[in-house]
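# Working through the structure, step by step
Chain by chain, the residues:
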Amino acid sequence: MNTRACCIAAVPGVAPPQRETRIGPIVLATEGLSKTYARGGWLKRRRGDIAAAADVTLEIRRGETLGIVGESGSGKSTVARCIARLIEPSAGRIVLDGEDIARLDGNALRPRRRRVQIVFQDPYRSLNPRRTVGDAIIEGPMNYGATRGDALKTATELLGLVRLDARALDRYPHQFSGGQRQRICIARALAIGPDLLIADEAVSALDVSVQAQVLALLDEIRLRLDLAMLFITHDLRVAARVCDRVAVMQQGRIVEQGPVAEVFGAPRHEYTKALFAAVPGRRLGLRQRRCTSCLAALVHVVILPLIAQERVLLVTLEPRLRQHADVGVQCPSSTARSSAPLRSSSGRAPFAPVRPED
Ligand SMILES: Nc1ncnc2c1ncn2[C@@H]1O[C@H](COP(=O)(O)OP(=O)(O)OP(=O)(O)O)[C@@H](O)[C@H]1O
Ligand SMILES: [Mg+2]
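Now for a description of the structure that goes with this document. Everything quoted here is computed from the prediction, not taken from an experiment.

### Remarks on unusual backbone geometry
Phi at Arg-85 takes a positive value of approximately 60°, unusual for a residue other than glycine. With respect to the helices and strands, the residue Arg-85 is situated in the loop between α2 (76-83) and β4 (91-96). Note on Arg-85: 18 C-beta atoms within 10 Å, which makes it partly exposed. Positive phi outside glycine occurs at Asp-97, with the angle close to 45°. Relative to the helices and strands, Asp-97 is located in the loop between β4 and β5 (99-100). Accessibility expressed as a C-beta count within 10 Å gives 15 for Asp-97, which makes it partly exposed.

### Re the environment of Val-255
Relative to the assigned elements, Val-255 resides in strand β10 (residues 253-259). A count of 16 C-beta atoms within 10 Å places Val-255 in the partly exposed class. Separated by 199 residues in sequence, Val-255 and Val-56 have C-alpha atoms that sit 9.6 Å apart. Apart from residues no more than four positions distant in its own chain, Val-255 is found in contact with Val-248, Gln-250, His-269, Tyr-271 and Thr-272.

### Some words on the site of ligand 1
Near ligand 1, the surroundings consist of Tyr-37, Ile-50, Ala-52, Gly-70, Ser-72, Gly-73, Ser-74, Gly-75, Lys-76, Ser-77, Thr-78 and His-234. Looking at the shell around ligand 1, the elements with two or more residues in it are β2 (50-61) and α2. Broken down by element, the residue count for the shell around ligand 1 peaks at three residues, all from α2. When the residues that make up the shell around ligand 1 are grouped by side-chain class, the tally is three nonpolar, eight polar and one charged.

Criteria and thresholds
- Residues take numbers from 1 onward in each chain, read along the sequence in its written order.
- Chains and ligands are labelled by the order in which they are written, letters from A for the one and numbers from 1 for the other.
- The predicted origin of the model limits local features to residues at a pLDDT of at least 70 and limits the giving and counting of side-chain atom pairs to 80 or more, whereas totals for whole chains, interfaces and linings rest on all residues.
- Each helix is a run of DSSP H or I of at least 4 residues and each strand a run of E of at least 2, with the numbering of both proceeding from the N terminus.
- Exposure is read from a count of other C-beta atoms within 10 Å of each residue's own; the residue is exposed at 12 or fewer, buried at 20 or more and partly exposed in between. C-beta atoms are placed from the backbone.
- What counts as a contact here is a pair of residues whose C-beta atoms, placed from the backbone, lie within 7 Å.
- Being near a molecule or strand means, for a residue, that its C-beta atom, positioned from the backbone, comes within 6 Å of it.
- Residue type decides the class: Asp, Glu, Lys and Arg count as charged, Ala, Val, Leu, Ile, Met, Phe, Trp, Tyr, Cys and Pro as nonpolar, and the leftover types, Gly among them, as polar.

Below you can see the structure in the form of structure tokens.
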């Protein structure tokens, strides 16, 4: 396949593909999770509050990918940051393997924190440019007591898992492409042995073909490591590709959730329908892609050979047309093509179809 065909094939459709899943017990559940940001000065504190997440209730099972979709500002990252305990939730429960971690802090939170890891959108800003890839990956495990030797061994294995050479350990982030950096970020997140991996717009900064590779990698990692995955994206086509279930967020609330085939196949909430209406090229579903392929086949199998045949025909007719021209009959193409080598050296028309130059 040429580059253009690869890129077109990499654009996901909104129809969910068949995926292998082994769904296990619940790893994480939120109940009534809310986060309110205070806005403005102390005088108008109450009036300006932003309910970034309100009453969010969801669960994620081992081996499963739950997607959160919604427009920009709908509260997706806020929910993710609360779950990873990067920010304090204002209310509600975050139950990790049966234990509520929403109010834990300090030493009590530390061992639980490692079980939830996030990969962020921007692979360029996620890595310290002054630290080697190896140092970035082993930092987490060493903070949790691993020896440098053990951590390096794990880092080497993880680089293999994300399809990077072990020599990457000694190199710096600027020596890698965006897709490779995102793989490094995934390896770093996995180094600490999480049960839940959160990908917050983790492929949004990548071009479509690299995006497709990273999505496939995340899906493979989920299966191999039996991880629970929370996949946050504003792109419904990306969600359709990797999610088992999906929650749709609008203004901090989940308005609809369920198996991705159900929610995407027959959206019930008006907001979900509006999101679908906004998907660019959403008609490029399975049937339409088949049509595009049919069109391409038609062009290659019928139209291009016809053009080639037309040229052969011209080559074949040329001597006769010249004869007519000699007796005063004009051939429109003969003048334009008069400089082209129309005959084979034997003087007969070549039988091989002529390839169109354009
Ligand atoms: N630290 C903050 N202080 C105040 N308001 C915030 C803060 N972080 C987020 N918000 C607000 O909370 C709301 C939800 O933001 P959030 O980042 O969760 O949205 P999102 O769905 O992740 O958007 P995007 O798709 O653009 O990343 C927005 O209105 C945002 O302005
Ligand atoms: Mg966000």
